[in-house]
Structure formats: structure tokens, C-alpha cells
Amino acid sequence: MNRVRLYLHRVFRRPVITGPYRLYVRRTPGGAMLDVEHYLVATIHAIADNPDLLGLLDEIVRDRAEARAHDGWEPEDCLVEQLVAALGYELPLHGPAVGHLADRLRAVAPAPAVVIPGQREGEAAA
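Residues numbered from 1 in each chain as written. Predicted model: local features only at pLDDT ≥ 70, side-chain atom pairs only at ≥ 80, totals over all residues. Heavy atoms only, no water.

A few words now on the environment of Arg22. Within the secondary structure, Arg22 sits in the loop between helix H1 (2–12) and strand E1 (24–28). Take Arg22: its relative accessible area is 35%, and that puts it in the partly exposed class. Distance from Arg22 to Tyr39, taken between C-alpha atoms, is 7.4 Å for residues 17 residues apart in sequence. Engagement of the side chain of Arg22 in a polar contact is seen with the side chain of Tyr24, the distance being 3.4 Å. (Helix = DSSP H or I, 4+ residues; strand = E, 2+ residues; numbered from the N terminus. Buried < 20%, exposed > 50% of the residue type's maximum accessible area, 1.4 Å probe, protein only. Polar contact = N/O pair within 3.5 Å; in protein donor to acceptor, adjacent residues only side chain to side chain.)

As C-alpha cells, then:
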């Protein structure tokens, strides 16, 4: 059933933000899901089209595949930082898109829980 709901969402979804990357928001029982598929696909294409970035990713894969005792130092972390710096990790929002995203996130946010104060200790119920 969950898979059917996800497919229906993907078929009938409308982007909250249309550019430069399409962003989608979907309500979940505990909050919301922010769908950044368009940005992820653009990032994968950027890696595939740039031999330097592809080489850096390959080096990360090779470092992670090496069998070694864990000493708290992950040598591929520096490579990951280089890749992130080259690709970027922020999604640009221009003009009224900021307000549209905020409004949509507020609309799918779960309602705040109502807290009923309990009786004070020592007081007898009437």
C-alpha cells in the first residue's frame, strides 16, 4: 500500500519550486518529505560529465574498499569534502520561491500536540 501511495504521488505531484531545480514536498505521518530528485540527477550528470569529478569519486570508492583496521581516521573523508566543494550542497531559491516553499512546508506540517495540564500534586479532585 505504501508503494502504491508513493507511485500515485509521483504521478500526480506538482512541484513547489520549479527552478532552477524542481522541489516537491509530500506529507508523511511524522512530518514531510522533501523530494530533491531533479537536483540529484543534475549532480550525477555533473559527475559523469566531468572527468576530474569522476576520478575523485573513483578514488573515494577505492579508498572505501581497502581493508584496514578502523583507527578513527577515514582518508576518504577529505576526498568527499573535495567532491562536495566542487558540486555544491545548497539548493538555490529565487524570489517568491522562498515563500512558496515555506507555505507548503507549513501546510504539510503535523498539527501541534495539545497538552492538557494535569492536576497538581496534593490537591484533591472535587
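Before going further, it helps to examine the packing of aromatic side chains. Inspection of the entire model under this criterion finds 1 aromatic pair. Arranged with centres 5.1 Å apart and planes meeting at 85 degrees, the rings of Tyr21 and Tyr39 form a pair that is edge-to-face. Taken together, the residues Tyr21 in the loop between H1 and E1 and Tyr39 in helix H2 (residues 37–49) connect sequence positions 18 residues apart. (Phe/Tyr/Trp six-rings, centres within 6.5 Å; stacked < 30°, edge-to-face > 60°.)

For the chain, per-residue confidence averages 82 on the pLDDT scale, and residues scoring 70 or more make up 81% of the total. When the elements of the chain are averaged for pLDDT, H1 gives the smallest value, 68, and H2 the largest, 93. (pLDDT = per-residue confidence, 0-100.)

The next point concerns helix H3 (residues 51–65). Between its terminal C-alpha atoms H3 stretches 21 Å, which fits the 21 Å expected from 15 residues at 1.5 Å a residue. All of the buried residues in H3 are Leu53, Leu56, Ile60 and Asp63. On an axial view of H3, the arc spanned by its buried residues comes to 80 degrees, and they lie on one face. In H3, the exposed positions that point more than 90 degrees away from the buried face belong to Pro51 and Ala65. Lining the buried residues of H3 we find H2 and helix H4 (76–87). In this structure Asn50 caps H3, since a side-chain oxygen of it lies 2.9 Å from the backbone nitrogen of Asp52. (Expected span 1.5 Å × (residues − 1). Arc of directions from axis to C-beta. Contact = heavy atoms within 4.5 Å.)

Interaxial distance between H3 and H4 falls to 9 Å at its minimum, and their mutual angle equals 155 degrees. Between H3 and H4, the interaxial angle falls into the category roughly antiparallel. Pair H3 / H4 crosses with left-handed handedness. Residue-level contacts link Leu53, Leu56, Leu57, Glu59, Ile60, Asp63 and Arg64 of H3 to Glu76, Leu79, Val80, Gln82, Leu83, Ala86 and Leu87 of H4. Looking at the contact of H3 with H4, its residues break down into 9 nonpolar, 1 polar and 4 charged. (Axes fitted to C-alpha atoms, helices over the stretch in contact; angles between N-to-C directions. Parallel < 35°, antiparallel > 145°, perpendicular 65-115°, else oblique. Left-handed = near helix turned anticlockwise from the far one by under 90°. Nonpolar A, V, L, I, M, F, W, Y, C, P; charged D, E, K, R; others polar.)

With that out of the way, let us pick up the nonpolar core. Counting residues in each nonpolar core, the largest one holds 7 residues, listed as Val16, Ile17, Leu23, Val25, Ala97, Leu101 and Val108. The element contributing the most residues to this core is helix H5 (residues 97–108), with 3 residues. With residues up to four places along the chain from it excluded, the contact list for Leu23 reads Pro15, Val16, Ile17, Asp35, Val36, Leu91, Leu93 and Leu101. The next biggest cluster of nonpolar side chains, apart from the first, holds 5 residues, and it includes Leu53, Ile60, Leu79 and Leu83. (Core = buried A, V, L, I, M, F, W, Y, C linked by side-chain atoms within 4.5 Å.)

Here we come to unusual backbone geometry. Among all residues save glycine, negative phi is the norm, and among peptide bonds the norm is trans. Omega for the peptide link from Gly19 to Pro20 comes to 0 degrees, which places this bond in the cis form. Structurally, the position occupied by Pro20 is in the loop between H1 and E1.

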